[in-house]
2 protein chains.
Amino acid sequence: MPIHRVHRLLASATALAFAAGAATADIENYMDFFEPLPALPPIPADNSLTPEKIELGKMLFFEPRISASGVISCATCHNPALGWADRIPRATGHDGQVGERNTPTVLNSGFLEAQFWDGREPDLEGQALGPIEAEIEMNLTLEEAINRLNEFAIYQEHFAAAFPDDPDPINPQNVAHAIASFERTLNTPNSPLDRFLAGDVQAMSDQQVEGMKLFVDAGCVACHNGPALTDSNFHRFELPGSTDEGRFVVTGDEADMFAFRTPTLRNVAVTYPYFNNGSVPGLHEAVQLMGQQMLGQDFAEDELDALVAFMHALTGEMPRVEIPALP
Amino acid sequence: MPIHRVHRLLASATALAFAAGAATADIENYMDFFEPLPALPPIPADNSLTPEKIELGKMLFFEPRISASGVISCATCHNPALGWADRIPRATGHDGQVGERNTPTVLNSGFLEAQFWDGREPDLEGQALGPIEAEIEMNLTLEEAINRLNEFAIYQEHFAAAFPDDPDPINPQNVAHAIASFERTLNTPNSPLDRFLAGDVQAMSDQQVEGMKLFVDAGCVACHNGPALTDSNFHRFELPGSTDEGRFVVTGDEADMFAFRTPTLRNVAVTYPYFNNGSVPGLHEAVQLMGQQMLGQDFAEDELDALVAFMHALTGEMPRVEIPALP
């Protein structure tokens, strides 16, 4: 090879290396806006995460006898086969009744600082019992649920093992603590984003990286941040066709009218359909609507594609759960 | 020890050995009435049991989108957590409708030579599609079910892999073949009876052995025989309170009025409640009723206890199934 061509090649390589360095620095600035998913969410001081509670919580999660009909369990709407949600617009419960809201996924829900679409409970312990009693969901009094569990010797053993200091361990609080404990194990690590943040530059496609940058530049990250990509805060959002008053129902504060908790974006590609009433079936439309409503911005087609590609980079490894054999 | 005492001990030991020998021969006669559960049931020549079909069949078994509501799958009534049945008297299906019959377990159903309580289908391939179309179960036309499956690229891939010679593989027959293939893997080997038959004399308690002998002597084994402890044949049985005409509905033959297929007794202790309308909650009453109705015999209390103990020896190892992640 003639020497001048070698010189030119070297010059090009230097220029490329410089550009790559700049691009890396640039991307690292964007990466600072994101957090990898920790292996476990915060654990409350009064509910130690023991293997016995997790095992019991798993049994209770799959237990349909704590519904009036005997056929609805937590896993009915939070179906492990369907991203731990139900993939229908609004939840179907007792006697085929259809509720007002879309079932949120249980995945990574331990990272949320407000539970339910309206945040009426602060934590998983507070959330766990609501659907058992709700008339359009499982429709059973807690008293009757406890009576039914008490009939099974195996539950007596499991509650005693999970709550060894409690002389009468089959009670609503312990049901909630056990279910919450199981749910804290339902996390989805190692998504493409997580691997990218850990240094694996191959983990996301160029389009996904573009989407990540746009997600920051456009301002999506203002609400969708933290390990679960949600601020666990409430934002007014007028979904066409929805009359749900959202957070207002909880607080009575006009400022909360039509406000809903920011949903997690982790696994958003496998937890369709979208929004409080599940009326939007696809990610493309969901992202478009968010841009218009929350950011006052009409994304161009290639921007939407990049943002949707980035949403797919938020799908992590599903927990592998073997169905328990119930008594 | 004085020599005469040694003599007496030896004589006693000889007598004991002789008695034990006689007892063993006696028990072996009884054991001849039973068959250990094979690892696999018969496989039809036109539905080779491939890993691809089993995997696809598992997805379809857990797939609620092949129901009108989008919330009912095979696993709803054949719940893996509940002995692959539902533990309620009669199945609850579309819109909370309650059917006429108790859900039979899928466990070991490949060993049955007649499917459904009335035997209206001969095999699992014939059985699989019925509940999808039944208005009180999943309530979806097969055409619509196929359309829905076709929407998912992952199903297109899985059907193509399972049925590589079929140019248009997403069709009702292949749905049935895949589900049947998965179901043929849902067997429960190594029950106490199976281990006992294999020579492990400790596997059943003395009471269970007594129950086994009584099961033969009283004549239960006349219908409950073969690997699944059923003759897959139809027997008239007038259950108090039941108006179900049973096999007659299929054949129109008066001799079949109120006749039902002998249910498998494998896992009978974990597949309560009992009989065609699930009206009997416990094994004790179920065995008593069977004695009265089928054998014209009122079992004594200790006989009932022994027979019930033997029923518990028929619970095998549950299949360990990880819930599939559906598209």
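Cut-offs and rules
- Sequence positions are assigned chain by chain, starting from 1 and proceeding in written order.
- For naming, the first written chain is A and the first written ligand is 1, with later ones following in the order written.
- Owing to the predicted nature of the model, reporting of local features is limited to residues with pLDDT of at least 70; listing and counting of side-chain atom pairs is limited to 80 or more, with chain, interface and lining totals taken over all residues.
- Hydrogens and water are ignored here; the side-chain numbers use all heavy atoms of the structure.
- Salt bridge criterion: a side-chain nitrogen from Lys or Arg within 4 Å of a carboxyl oxygen from Asp or Glu.
- Only DSSP runs of H or I reaching four residues or more are called helices, and only runs of E reaching two or more are called strands; each is numbered from the N terminus.
- Exposure classes here rest on a 1.4 Å probe applied to the protein chains alone. A residue is buried below 20% of its type maximum, exposed above 50%, and partly exposed in between.
- An expected span of 1.5 Å times one less than the residue number is assigned to each helix.
- Alignment of the copies relies on least squares applied to C-alpha atoms, considering only residues that score at least 70 for pLDDT in both.
- Note on contacts: a residue pair qualifies if any of its non-hydrogen atoms lie within 4.5 Å across the two residues.
- Grid points spaced at 1 Å over the protein atoms alone were grouped into cavities, where a 1.4 Å probe fits but cannot get out, and pockets, open sets with protein on both sides within 12 Å along at least five of seven lines, with lining residues defined by an atom within 4 Å of a point.
- Grid points are joined across faces, edges and corners, and a volume is the space filled by probe spheres set on the points.
- Any residue that is not Ala, Val, Leu, Ile, Met, Phe, Trp, Tyr, Cys, Pro, Asp, Glu, Lys or Arg is counted as polar, Gly included; the first ten are nonpolar and the last four charged.

A. Focus on the pattern of salt bridges. Residues and elements named next belong to chain A. Evaluated as defined, the whole model comprises 22 salt bridges over all chains. Notably, a salt bridge pairs Lys-213 with Asp-26, separated by 3.4 Å at the nearest N-O pair. Note that Lys-213 is positioned in helix 10 (residues 206-217) and Asp-26 in helix 1 (residues 3-31), a separation of 187 residues in sequence. Ionic pairing is found between Arg-236 and Glu-238, a salt bridge with its closest N-O pair at 3.3 Å. For Glu-238, a relative accessible area of 43% gives the class partly exposed.

B. Structural context of the environment of Leu-60 of chain A. Its place among the elements puts Leu-60 of chain A in helix 2 (residues 51-61). It is 17 Å that separates the C-alpha atoms of Leu-60 of chain A and Thr-105 of chain A, two residues lying 45 residues apart in sequence.

C. A look at unusual backbone geometry. The amide bond that connects Tyr-272 of chain A to the next residue, Pro-273 of chain A, takes the cis arrangement and shows omega of -10°. If you trace the backbone, Pro-273 of chain A turns up in the loop between strand 2 (259-261) and helix 12 (283-295). Here Leu-229 of chain B, not a glycine, exhibits a phi torsion of approximately 55°, which is positive. The residue Leu-229 of chain B is located in the loop between helix 10 (206-217) and strand 1 (234-236) in this model. Looking at Leu-229 of chain B, the relative accessible area reads 2%, which means it is buried.

D. View of helix 12 (residues 283-295) of chain B. With 13 residues, helix 12 of chain B extends 17 Å between its outermost C-alpha atoms, agreeing within 8% with the 18 Å of an ideal straight helix rising 1.5 Å per residue. Every buried residue belonging to helix 12 of chain B is among Leu-283, Ala-286, Val-287, Leu-289 and Gly-291 of chain B, and all of these are buried.

E. A look at the relation of the copies chain A and chain B. Expressed as a screw transformation, the operator carrying chain A onto chain B has a rotation angle of 180° and an axial translation of 0.0 Å, and the superposed copies differ by an RMSD of 0.0 Å. Seen this way, the second copy is the image of the first under a two-fold rotation axis. Judged by C-alpha distance, Glu-322 of chain A is the residue of chain A that lies nearest the rotation axis, at 2.2 Å. Residue by residue, 100% of the interface of chain A is reproduced at the interface of chain B, so both copies engage with the same surface.

F. Here's a closer look at empty space enclosed by the protein. What the rule picks out here adds up to one cavity of 30 Å³ or more. Within this model, the largest cavity holds a volume of roughly 380 Å³. Ala-75 and Thr-76 of chain A together with Ala-75, Thr-76 and Asn-79 of chain B are, among the 25 residues lining the largest cavity, the residues nearest its centre. Of all elements in the fold, only helix 3 (74-77) of chain A together with helix 3 (74-77) of chain B reach the threshold of two or more residues within the lining of the largest cavity. Residue composition of the lining of the largest cavity, grouped by class: 15 nonpolar, eight polar and two charged.

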